[in-house]
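# Summary of the model geometry
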Amino acid sequence: MKLLRELFFPLVAVLAAFVLGGIFVWIIGDNPFETYRLLIGSAFSWPDGIGYTLFYATPLIFTGLAVAVAFRCGLLNIGAEGQLYVAAFATAWVGIKFGGTVVDVFGTPVNYSWMTLPTIILLPLAILTAIVVGAVWGAIPGVLKARFGSHEVINTIMLNFIAIALVSYFTQYHFKQAGDPILQSVPVGAGVHLPRLGSFIPGLPERIPLNIAFLLALLACVLVYIFLWRTKWGYAIRATGANPTAAEYGGISTGKQIVLAMAVSGGLAGMVAINEVLGYRYRYYDGFSANYGFTGIAVALLGRNHPVGVLLSALLFGMLIRGGIFVDAFSGKVSKDLVEVLQAIVILFVACEALFRGSFGRFGLLKRSKV
Amino acid sequence: MTEIFTIALIFSTIRTATPLLLAALGGLYSERAGVINIALEGLMLAGAFTAAAVTHYTGSPWIGLLAGIGAGMFVAAIHAVACIRFNADQVVSGTAINILMTGVPAMLSGALFLSSGSTPQIPKDDLIPWTPVVLALLLVGVTWYVLYRTPYGLRLRAVGENPEAADAAGVNVNGVRYSAVLLSGALAAIGGAYLSIGQSSLFTRNMTSGRGFIALAALIFGKWRPVQTMLACLLFGFTEAISIQMQGVFKPWGEEIPVQFISIVPYVLTIVVLAGFIGLSRAPRALGIPYQKEK
């Protein structure tokens, strides 16, 4: 019964979003059924549909978990976008400075490294960099809130813009190869490339960028669950989120929990870099994030801030991103922006939970319990 | 050094500050009434797209502007109903509105103009390059007057500071909040419309590029007060204007200052002022808290 209740609101929200989105598609003069067939149908084919869906879901699992951990502490981390950008740049920096000789965009071998580290040291170092740099950038608004009481929402929004501007500056002025028309860094060394899952799974071609980062994302779901519900730190974070005054009386230093939750949140957001830099592009690419940080808010809300829910809703949104490309290519009037519209409606409905309680409450299923 | 501080720079500052100012004044109404409005970006986009599209069809920027205002108020109404009627988290709802408004104009322009997110070019004679600028400056005075010299302004501030007391005094708390959020939609939409049918001559995808958030920053930097907010908008407009002006000209140590460093000034200042380093910026006390009448 509890599980049913947990699933009920998200499912109704998704359904309502699809109905409203369908009406919108119909208004602009296209066939909603055909659009949804393209949007969802393309996700289930093997290997491309499933491979790409999981690949697109990977960053959303990280950002969804990031937002969820902060949420459990009563904080809204709108800053995952900035956190993943600084982390991605720093990760690429490690790969460039310690990765050894690479082949540049013109096909010439170049060495940008200070020293060449072996993969066994370099890869863990790069992954650690992603997490630590994300965590530090995430902890800043945490410290600002704990120390000065300034609202984390405003500070994370501001830090997003600062992060994006700074990494764009460093890429443009210091890490871009002269003559490269694209605003991207030079490539990272081959030693830091994460293997694609295609090299282990028969039938999955290696051109599909699904990589080890997806497995790390699954691991992160388990670790976040253990952290939040099986450790004293997680308990303190949840107590702070549930009732800061009571937590403070209970001997929990809420300021510390705020900083810790924001750091963990930032670290999780930073892990997007593992998928993007080490597993997919093998360089820092300016503006690579397709709003992963903001979609993470939808993922976390729809997943009720629980790792299992986050995983499921990340898969849903991964599927929609994959399907959106097909809608763009094959649909007459509808563009992949439909995915953003659906996402926004989902967030609105989940946020307006009272809407469902009000109208469905009298049917009894939800009346007895306040979810 | 002196040749870049010209009359042109002053005009350029005012022009870049105008959309910020309109959106920030919009945010001021909403937030002084206690409803967080991080949806300013989305409201601006609603106004910008609708104004450009309607001006394209009717050939009249005035009808376009009115339509833009209508669109801004409609989208603001979604935010208002979510936050006030259904007690949705105001930041979450605002985020949803922002995402919605990157998607909807892109989809509509795709269907209407077969483009990927922009409207057709509007002839130069159909643009309103100066009216919104004058309007924005006038609205600072109007907002100050409304806020501090009218019964509505008193109620608005009361609702944002102490809704229980306002309610006890007979003020319709949620009614005032609805009106304030709708006003913010209208003003932010004018700011957006100025971008599409004032400064430029078409709507392009995400053309606000963060101005809604800079407006929010200016509102906080201006301590939620009309005149200070205007000064903050002028300061932020100045940083943008000077970064455009300086490109390739101003080289203090033999190299240009990268445009990225100037662009982050508003954001850094906001963090600093919010932390209380330059005078405390205090939000309205009931900001972000839904009001439920006791039964």
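If you're wondering where the values come from, they're calculated on a predicted model, not measured in any experiment. (Residues numbered from 1 in each chain as written. Chains lettered and ligands numbered in written order. Predicted model: local features only at pLDDT ≥ 70, side-chain atom pairs only at ≥ 80, totals over all residues.)

The next subject is the overall build of chain B. A tally of helices and strands in chain B yields 12 helices and zero strands. Secondary structure elements of chain B occur, N-terminal to C-terminal, as α-α-α-α-α-α-α-α-α-α-α-α. Radius of gyration (C-alpha) of chain B: 19 Å, near the 19 Å computed for a compact globule of 295 residues. Summarising its shape, the C-alpha atoms of chain B cover approximately 65 × 50 × 30 Å along the three principal directions. Relative to its 295 residues, chain B shows a buried fraction of 56%. Sequence separation of at least 24 residues holds for 77% of the intrachain contacts in chain B that already meet a minimum separation of 6. (Helix = DSSP H or I, 4+ residues; strand = E, 2+ residues; numbered from the N terminus. Rg over C-alpha atoms; globule rule 2.2 N^0.38 Å. Buried ≥ 20, exposed ≤ 12 C-beta atoms within 10 Å, placed from the backbone. Contact = placed C-beta atoms within 7 Å.)

Below, the discussion takes up the overall build of chain A. Helix and strand counts for chain A come out as 15 helices and two strands. Here the C-alpha atoms of chain A give a radius of gyration of 21 Å, agreeing with the 21 Å that 2.2 N^0.38 yields for 371 residues. Principal axes of the C-alpha set define a box for chain A whose edges measure 70 × 60 × 35 Å. Among the 371 residues that make up chain A, the fraction classed as buried is 56%. Long-range pairs, those at least 24 residues apart, make up 75% of the contacts in chain A between residues at least 6 apart in sequence.

All names here are of chain A. Taken domain by domain, chain A holds domain 1 (1–30 + 332–371) and domain 2 (48–329). For domain 1 versus domain 2, the distance between C-alpha centres works out to 28 Å. Contacts between domain 1 and domain 2 engage 14 residues on the former and 13 residues on the latter. Contributions of two or more residues to the side of domain 1 that touches domain 2 are made by α1 (2–27) and α14 (337–351). Top contributing element to the side of domain 1 that touches domain 2 by residue count: α14, with eight residues. (Domains from an automatic or database assignment.)

With 93% of its residues at a pLDDT of 70 or more, chain B shows a mean pLDDT of 90. Across the interfaces of the predicted complex, the ipTM metric reaches 0.91, alongside a pTM of 0.92. (pLDDT = per-residue confidence, 0-100.)

This part takes up the nonpolar core. One recurring pattern in soluble globular proteins: nonpolar side chains tend to sit buried together. One finds I61(A), L65(A), I347(A) and A218(B) to be the most contacted residues of the largest nonpolar core, which totals 233 residues. There are two domains that each give this core at least three residues, and those are domain 1 (1–30 + 332–371) and domain 2 (48–329) of chain A. Discounting residues that sit within four places of it in the chain, A218(B) has contacts with L20(B), A24(B), T229(B), A232(B), C233(B) and F236(B). (Core = buried A, V, L, I, M, F, W, Y, C linked by C-beta atoms within 7 Å.)

P47(A) follows W46(A) through a cis peptide bond whose omega is 0 degrees. By the secondary structure assignment, P47(A) is in the loop between α2 (32–41) and α3 (48–72). Although it is not a glycine, N87(B) sits at a positive phi angle of roughly 50 degrees. Given 17 C-beta atoms within 10 Å, N87(B) falls into the partly exposed group. The backbone phi angle of L114(B) is positive, close to 50 degrees, even though this residue is not glycine.

Taken together, the contacts link 37 residues of chain A with 38 residues of chain B. Among the elements of the structure, α5 (119–148), α6 (152–175), α12 (292–302), α14 and α15 (353–360) of chain A are those that each provide at least two residues to the side of chain A that touches chain B. Sorting elements by how many residues they give to the side of chain A that touches chain B places α6(A) first, with 12 residues. For the side of chain A that touches chain B, the residue count by class is 28 nonpolar, six polar and three charged. (Nonpolar A, V, L, I, M, F, W, Y, C, P; charged D, E, K, R; others polar.)

This paragraph deals with the packing of helix α4 (residues 80–97) of chain A against α6(A). Residue and element names in this part refer to chain A. The contact between α4 and α6 brings their axes to 7 Å, and the two run at 25 degrees. Of the possible angle classes, the one that applies to α4 and α6 is roughly parallel. Crossing of α4 over α6 shows left-handed handedness. Of the residues in α6, those touching α4 at E81, G82, Y85, V86, F89 and I96 are L159, N160, A163, I164, V167, F170 and F175. Within the contact of α4 with α6, the residues separate by chemical class into 10 nonpolar, two polar and one charged. (Axes fitted to C-alpha atoms, helices over the stretch in contact; angles between N-to-C directions. Parallel < 35°, antiparallel > 145°, perpendicular 65-115°, else oblique. Left-handed = near helix turned anticlockwise from the far one by under 90°.)

All right, on to the environment of P290(B) then. All names here are of chain B. Topologically, P290 is positioned in the segment after α12 (265–274). Residue classification places P290 among the partly exposed positions, given that 19 C-beta atoms sit within 10 Å. Remark: the alpha-carbon pair of P290 and G160, spanning 130 residues in sequence, is separated by 10 Å.

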